[in-house]
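An overview of the molecular structure
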Amino acid sequence: MSTLVSVQDLKVHFPIKRGIVLDRTVGYVYAVDGVDLEIRKGETYGLVGESGCGKSTLGRAMLRLTEPTGGKVVFDGTDLSTMKGEPLRKMRRRMQMVFQDPLSSLDPRQSVESILVEGLRAHDLDKDKAATAKRLRELLSAVGLPSTSLRKYPHEFSGGQRQRIGIARSLSVNPDLIVADEPVSALDVSVQAQVVNLLEDLQVEFGLTYLVIAHDLAVVRHISDRVGVMYLGGLVEEATSDTLYAQPLHPYTRALLSAVPVPDPELEDRRERILLTGDLPSPAAPPAGCRFHTRCPWRQPGKCDTERPVLRELAPGHRVACHWAEDIRDGKIQPHSVEPELVEVTDAISPDLSAAGPASVTEVI
Ligand SMILES: Nc1ncnc2c1ncn2[C@@H]1O[C@H](COP(=O)(O)OP(=O)(O)OP(=O)(O)O)[C@@H](O)[C@H]1O
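Residues numbered from 1 in each chain as written. Predicted model: local features only at pLDDT ≥ 70, side-chain atom pairs only at ≥ 80, totals over all residues.

**Points about helix H6 (residues 159-171)**
Under the 1.5 Å per step criterion, the end-to-end length of H6 is 18 Å for 13 residues, consistent within 8% with the ideal 18 Å. Regarding H6, the residues found buried are Gln161, Arg162, Gln163, Arg164, Ile165, Gly166, Ile167, Ala168, Arg169 and Leu171. Contacts from the buried residues of H6 go to strand E6 (95-98), helix H3 (102-105), helix H4 (112-122), helix H5 (129-142) and helix H7 (189-206). (Helix = DSSP H or I, 4+ residues; strand = E, 2+ residues; numbered from the N terminus. Expected span 1.5 Å × (residues − 1). Buried ≥ 20, exposed ≤ 12 C-beta atoms within 10 Å, placed from the backbone. Contact = placed C-beta atoms within 7 Å.)

Here it is in C-alpha cells:
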C-alpha cells in the first residue's frame, strides 16, 4: 500500500501569553512535539491516548487547520507545510474532518440541503443544479438517510442521524482522507456500532483513508488496521491493531490496555492490572527524558529521566519509544511501584493551565 500522508517531526507549540494586551509569551503548551507517522492509502489509522495528549491537535495540524510550529506534512507527495492560498484550498477538498459532536458542528439554522450545498459550493462543485440535486440524493442514500431529510433541520434528527449528516457533508466533496475526531463518543452506545459500520462501508465504497481519533480503545481496535498511541505530545507506540492489543510493549500502552475488561471470565481473572500513579503532567512543562518516566512502573535508573527515547522498530511494523522495550518484552525487568514525582510549575505559567489538563489517573484506568 502506498503512503497517502506522511507526517515528519511535526510540532505544534501553543504560546502562553501574558500582559494586558497579551504581548508577552511566558511559555508554550507542547501539544504535539515531534511526531513521525505515515498513513497508507485505504487504511484506517487509529490514534489513542488520554484527554489532552495532543490527538486532536495532531489531526488538525495534518489538515493545516492548525498551523504547525515545525516539521512537515506530505499529502500524496505534496508538502502542505509551504502551501498557501488557492493551491492549499484546492488540496483541502481532498482532506475532510468529521467531528465529535454533530450538534455543535452543524449550523442549527441551516437545512440539511444548505449544509450539504455549502460544502459543495466551497469547492465550486455546485454549478450545475440538476447534478447538485442528484449528488445530494446520492449522499443521503450513501449515509442511510431518506431524501426527505433535505428540507429538515439538525434538531429534527437523533444524534446518530446527525452524525450521518456530518459524514455526508464531509463526503460531499469526494475526499481521499477523512480525519474522524471521536466520531462516536457523543453517541449512545446502541448507535455507536451503526455509525462505525457505516464508516467501514463508506471506506470500501469510496476508497477512503481514515485517521480515527478516539480515547475508547474498543472503538479503535474494531475499526483500525494500525494504531498509534500518544502520550504528552508524542507517539509512544505504533503497530497493527492485532499486534498492539496482543503484545503491547510500551509501559503506557500496557497500562491503557490493562484497564480494559475482557469478556472471558477466566482471562479476566488473569488480566494484568497496572495502576498508574500520579497525574498526567502538564504539556506546558513536560518531564525531561522520557515523558512517561514520572508514572512508569518499569522505570530504571539512568537514562529514563535524561534521554528522550526515539520511536524505533522492534519488529516489522511495530515501533516503540522506550529504552527498555526489549527487556520488558523478554520479561527481564518487572513493574514496580512508583513514587509520584512533584512536578514544579512556575507561577508565571500556572494560571492558564486549567485548559491543558491535568487529567486524573481515573481517566486511564
Ligand atoms: N488553540 C489552543 N491554544 C492553546 N492550547 C491548546 C489549543 N488547542 C489545544 N490546546 C492544548 O493542547 C493540548 C492538547 O490538546 P488536544 O485537544 O489536541 O488533546 P486531545 O488528546 O485531543 O484531548 P481531547 O480528547 O480532550 O480533545 C491540551 O493541553 C490543550 O489544552
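**Observations concerning the pairing of E6**
The alternating pattern of E6 places Met95 and Met97 on one face and Gln96 and Val98 on the opposite face, and all of these are buried. Where E6 lies against strand E7 (residues 177-181), 4 bridges are found, and the strand directions are parallel. Paired with Met95 across the strands is Leu177, a residue of E7. (Pairing = 2+ DSSP bridges.)

**With respect to the sheet that holds strand E4 (residues 70-75)**
The strand order E2-E1-E4-E5 describes an open sheet built from 4 strands, whose pairing is antiparallel. Of all the strands in the sheet, just strand E2 (24-40) and strand E5 (78-79) have a single pairing partner and so form its edges. Pairing of strand E1 (residues 3-18) with E2, which is carried by 13 bridges, proceeds in the antiparallel orientation. Pairing of Val7 across the sheet is with Leu37, part of E2. Running over the sheet, helix H1 (residues 55-62) touches E1, E2 and E4 and is turned about 115 degrees from E1. (Axes fitted to C-alpha atoms, helices over the stretch in contact; angles between N-to-C directions.)

**A look at the sheet that holds strand E3 (residues 44-48)**
Spatially, E6-E7-E8-E3-E9-E10-E12-E11 is the arrangement adopted by the 8 strands of the open sheet, whose pairing is mixed. If you trace the sheet from one side to the other, it starts and ends with E6 and strand E11 (312-315), each paired once. On average, each strand axis in the sheet is inclined to that of its neighbour by 25 degrees, with strand direction left out of account. Bridge count for E11 against strand E12 (residues 318-320) is 3 bridges, and the pairing is antiparallel. Paired with Arg312 across the bridge in E12 is Val320.

**Observations concerning the pairing of E1**
Where E1 folds back on E2, the antiparallel hairpin that results is connected by 5 residues, among which Gly19 adopts a positive phi of roughly 100 degrees. Note: E1 against E4, 5 bridges, orientation antiparallel. Residue pairing across strands places Gln8 opposite Lys72, the latter belonging to E4.

Read these as layout, nothing more, since geometry by itself doesn't imply function.
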